[in-house]
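Fold and geometry: a report
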Amino acid sequence: MKYLLFLALSLLCLSSSFAQTMWYEHVIRPDDDGAADIQRADINNDGRMDLLIASRNDDRIAWFENLDNQLTFVEHVVDDDFDDARRVRPADFNGDGHIDLITQAQFDHEFRLFWNLGDGAAWDMEVIGPEFPSATEVEPVDLDNDGDIDILITEDWTLGGLIWHENIDQGSSWVMHQFDWGMTRISDFEVADMDDDGDLDIVTCGAVNWDDEINWFENLGGGLDWTHHPIAYGADADQVRVGDLTGDGTPSVAAATDDYLAIWHGQLLNGLWELFIVEDYEVLPYISLADMDADGDLDLSYIYHDIPRRAWLENRGTWNLRKHQICYQISWPDRQGTFDLTGDGYPEFVESRRWDGPLVVRENNLPNVDFAVSVTPKQLPVNIRPNGSNLVFHWSAWNRTADGASVDLWGEIRFTSGELVRAFNVHPDLFLPAGQQRVEVRRQYVPYNLPTGEFYFIANLGTWPDQVVAADTFDVTKLPRPGADLAGDDEFAVLADGDMSLDCTPNPFNAMTTVRVALPEAAELRVAVYNVNGQQVAELVNGSVSAGLHAYTFDATHLASGLYFVRATVPGQLNLTRKLMLVR
């Protein structure tokens, strides 16, 4: 008898025959109509976390009462006439033990504070401060450490920068302070104690004198005196999140930029921070930090930009991150949140759509898992040659039960939409001993007639061919045939042995880096470096090169900090492109 396995580390939420054993989908509101902000708080003091939304398209501030910790909710409208509502943040501003709401709307140009009169059934409204035509963000925070929750907002164009509304005597009055930090645009900010001195500091992303930067501002005490510290120059980030991602007690800064998802950690000698690019693709500015697997460290979740799909990076130690796909494609994603809504210690994903669409909670089923499966390619990125290639990957399967289990392991290739392209049985009747893990390296040939484009490779556990109850995945690209148009920023690198490869170390780098190219046979090779405007800044080689590994030094001492591209070309065969980050 074969045991049906539950997924432990990742599951694909396709609408076909895939079983959603890891992330159960619950529709909270079928026609949410554009929730621009999603938060959580215990509004009625019943010990369960409720959901809060600001809905831009129907001008609504609402909270969803958590009835049973089983993801059953009832909606309560706080305000249904707040033009283009964008933000809702919970806090107890008057110290009465009830959660109040500070909210912001784009077209009404104001911040409304809703005082909770008891259990969330009735509210009093107060407008905080003057009109702010270009306000974007709001956060409740005790900036001066006096025990009262203050309000921190961003206002780009009229007043410029950050504005602090100091809470006087538990909300009886407010005093406005403007921080003149020379910022012409603030895309996002986070409040955290960056230097462990007991005062809350501020991390910002945006433009200082029109230059894109990530900075943190040290609170010298009382919220009135500040010292500026740079984190990164030239980082066009739309969102920042702060947390201890390395477990060493010091904060890291995660940011979504126009080119990559990155983490900055540890101040360098030049005052900047060390950069780690964790996803070399543009992601939407909806990243979040939460301990998704309840193992004691923070994980990172995000949504891709090109084909919107959700993923999370499992934190398995310092810079040891493993990607897990959650959903293949999301139509017009807007906001996401990661909150424990069931009280089991495992956060759920909450997501909304920009236009008409549902408000969805994806229940984290990890505590109910007895088995796990994961698959990791030998090398990234994974591409298939025009005439076919072998996929080489490591797979691991765990049996956490007290009994042995016999299952099938098989692979699938699917379009990004979820449509099945090809399935092949890899390992029938796989026996998993009780309480043990089994790990193997497998090689699977993918034939030439796979269409050119983007795909997912999926390793399934269960009963062949369609009883899928556990799965893991990685991205695959099928390369075009020689002579096809390879223009653009596609990064070509073939997994199978003996193919051309391109590598750059160190990356990011300061002044100089080594570019290594491996050729399976002699060829005409050209390696050049370009800036973000497509202008060539260096040519490392252009001519006949023998088979084997070749190393070239790229000297960037005369160039400005920022993003560059190195491209290795064999005419009529392949182009390989890598991104380089020069940091001074």
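Look a little higher up for the structure.
Below or above, wherever it landed, is the structure these notes cover.

**Some remarks on the layout of surface pockets**
Left-over empty space is what a probe sized like a water molecule reveals as it rolls over the atoms. Considering only enclosed or pocket space, the second largest pocket measures out at about 1,100 Å³ in volume. Residue lining of the second largest pocket: 41 residues in total, with Gln39, Arg89, Glu139, Glu190 and Arg241 positioned closest to the centre. Where the lining of the second largest pocket is concerned, the elements lending two or more residues are strand 2 (35–41), strand 6 (85–91), strand 10 (135–141), strand 14 (183–192), strand 18 (237–243), strand 22 (288–290) and strand 26 (333–339). Here the residues of the lining of the second largest pocket sort into 14 nonpolar, 10 polar and 17 charged.

**Observations regarding the pattern of salt bridges**
In this structure the tally under the stated criterion is 15 salt bridges. Linking Arg48 and Asp46 is a salt bridge whose minimum nitrogen-to-oxygen distance equals 3.1 Å. In this structure Arg48 comes out as partly exposed when scored by relative accessible area, which is 23%. A relative accessible area of 27% places Asp46 in the partly exposed class. Across the salt bridge formed by Arg112 and Asp79, the nearest N and O atoms sit 2.6 Å from each other. Pair noted here: Arg112 is in strand 8 (residues 110–116) and Asp79 is in strand 5 (residues 73–79), with a separation of 33 residues, a long-range link. Considered together, Arg112 and Asp79 belong to a single accessibility category, that of buried residues.

**Topic: the sheet that holds strand 18**
Strand order in the open sheet made by the four strands is 18-19-20-21, with antiparallel pairing throughout. A single partner strand is all that each edge strand has here, and the edge strands are strand 18 and strand 21 (273–279). On average, adjacent strands in this sheet sit at an angle of 25 degrees to one another, irrespective of strand direction. As paired strands, strand 19 (residues 252–257) and strand 20 (residues 261–267) are joined by four bridges and run antiparallel to one another. When the bridges of strand 20 are listed, Ala255 appears paired with Ala262.

**A short note on empty space enclosed by the protein**
A complete count under the given rule lists three cavities of 30 Å³ or more for this structure. By volume, the largest cavity is sized at about 100 Å³. If you go around the largest cavity, you meet 15 residues; those closest to its centre are Ala232, Tyr233, Met581, Leu582 and Val583. Broken down by secondary-structure element, the contributors of at least two residues to the lining of the largest cavity are strand 17 (226–233), strand 21 and strand 43 (574–582). Split by residue class, the lining of the largest cavity holds 12 nonpolar, two polar and one charged.

**Comments concerning the sheet that holds strand 34 (residues 437–446)**
The strand order across the open sheet built from three strands is 29-31-34, with neighbouring strands paired in antiparallel fashion. Edge positions in the sheet fall to strand 29 (371–377) and strand 34, since each has one partner strand and no second. Shown here is a sheet whose adjacent strand axes are inclined to one another by a mean of 25 degrees, direction ignored. As paired elements, strand 31 (residues 389–399) and strand 34 share 10 bridges and run antiparallel to each other. Its bridge partner lying in strand 34, Ser396 is registered against Val439.

**Re the packing of aromatic side chains**
Within this structure, the stated rule accounts for nine aromatic pairs. On the basis of an interplanar angle of 70 degrees and a centroid distance of 6.1 Å, the ring pair of Phe93 and Trp174 is categorised as edge-to-face. Taken together, the residues span a long stretch of sequence, with Phe93 in the loop between strand 6 and strand 7 (100–105) and Trp174 in strand 13 (residues 173–179) at a distance of 81 residues. We classify Phe93 as buried; its relative accessible area is 1%. Look at Trp174 and you get buried, because its relative accessible area is 18%. In this structure an aromatic cluster arises from ring pairing among Trp164, Phe179, Trp181, Phe217 and Trp226.

**Overview of the side chain of Glu166**
Residue placement: Glu166 occurs in strand 12 (residues 162–168). One buried charged side chain, Glu166, makes no salt bridge at all; its nearest oppositely charged neighbour is Arg89, positioned 21 Å away. Once residues within four sequence positions are removed from consideration, Glu166 is found in contact with Asp144, Asp150, Ser173, Trp174, Val175 and His177.

The rules we used
- Residues numbered from 1 in each chain as written.
- Predicted model: local features only at pLDDT ≥ 70, side-chain atom pairs only at ≥ 80, totals over all residues.
- Heavy atoms only, no water.
- 1 Å grid on protein atoms, 1.4 Å probe; cavity = no way out; pocket = protein on both sides within 12 Å on 5 of 7 lines; lining within 4 Å.
- Points joined across faces, edges and corners; volume = space filled by probe spheres on them.
- Helix = DSSP H or I, 4+ residues; strand = E, 2+ residues; numbered from the N terminus.
- Nonpolar A, V, L, I, M, F, W, Y, C, P; charged D, E, K, R; others polar.
- Salt bridge = Lys/Arg side-chain N within 4 Å of Asp/Glu carboxyl O.
- Buried < 20%, exposed > 50% of the residue type's maximum accessible area, 1.4 Å probe, protein only.
- Pairing = 2+ DSSP bridges.
- Axes fitted to C-alpha atoms, helices over the stretch in contact; angles between N-to-C directions.
- Phe/Tyr/Trp six-rings, centres within 6.5 Å; stacked < 30°, edge-to-face > 60°.
- Lys, Arg positive; Asp, Glu negative; His and termini not counted.
- Contact = heavy atoms within 4.5 Å.

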